[in-house]
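Descriptive structure summary
What follows is the residue order along each chain.
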Amino acid sequence: QVQLVESGGGLVQPGGSLRLSCLASGITFSSYAMRWYRQAPGKERELVAYLNSAGGYTNYADSVKGRFTISRDNAKNTVYLQMNSLKPEDTAVYYCNAVRSNWPNKQLDYWGQGTQVTVSS
């Protein structure tokens, strides 16, 4: 059974930092690219950060570049999202996503349950 379990969310003041973690089980973690998404109330889910399976390539949404860092520890089956200089507009539920090509079949795609991040004074 595949599980992705996020943790580390909470309430933080503007300018503060949080580190989200996502622990994966039931998959060969090192074979999967990892992504963090977020969804704010009334808005569509948006891609925040991407990290390839080898850990050598990252990509970020323009809104978080220079403030957020995605990383992974394949020995711990865990992906992280370090979030610095947080702003109220970063408030959202953050989701971990694992994806892998399964050509010629549909790609393998798994989601966590989400963790709430609230940035407010």
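Use the structure listed above.
Cut-offs used in this document
Residues numbered from 1 in each chain as written. Predicted model: local features only at pLDDT ≥ 70, side-chain atom pairs only at ≥ 80, totals over all residues. Heavy atoms only, no water. Helix = DSSP H or I, 4+ residues; strand = E, 2+ residues; numbered from the N terminus. Rg over C-alpha atoms; globule rule 2.2 N^0.38 Å. Buried < 20%, exposed > 50% of the residue type's maximum accessible area, 1.4 Å probe, protein only. Core = buried A, V, L, I, M, F, W, Y, C linked by side-chain atoms within 4.5 Å. Pairing = 2+ DSSP bridges. Axes fitted to C-alpha atoms, helices over the stretch in contact; angles between N-to-C directions.

Bringing the overall build of the protein into the picture now. Scanning the protein from terminus to terminus reveals 0 helices and 11 strands. Reading the protein from its N end, one meets helices and strands in the order β-β-β-β-β-β-β-β-β-β-β. For 121 residues, the compact-globule estimate of 2.2 N^0.38 gives 14 Å, and the protein sits close to it at 14 Å. Viewed in the frame of its principal axes, the protein has a C-alpha envelope of about 45 × 30 × 25 Å. Going through the 121 residues of the protein one by one, you find that 41% of them count as buried.

What follows is about unusual backbone geometry. Cis peptide bonds are those with omega within 30 degrees of zero, and the linkage from W103 to P104 qualifies with 5°. Even without being glycine, N77 reaches a positive phi, approximately 55°. With respect to the element layout, N77 can be found in the loop between strand 7 (68–73) and strand 8 (78–83).

Right, let's get into the nonpolar core. W36, F68, I70, V79, L81, M83 and Y94 are the most contacted members of the largest nonpolar core, which totals 30 residues. Secondary-structure elements contributing two or more residues to this core are strand 3 (18–25), strand 4 (33–39), strand 5 (46–51), strand 7, strand 8, strand 9 (92–102) and strand 11 (115–119).

A separate point is the sheet that holds strand 7. The strands making up a sheet associate through backbone hydrogen bonding, with each pair oriented either parallel or antiparallel. The sheet built from 4 strands is open, its strands ordered 1-3-8-7 with antiparallel pairing. The two strands at the open ends of the sheet, each matched to only one other strand, are strand 1 (3–7) and strand 7. Ignoring which end each strand starts from, the neighbouring axes of this sheet average 15° apart. Inspection of the sheet shows strand 7 paired to strand 8 by 6 bridges, in the antiparallel sense. Counted as the bridge partner of S71 is Y80 from strand 8.

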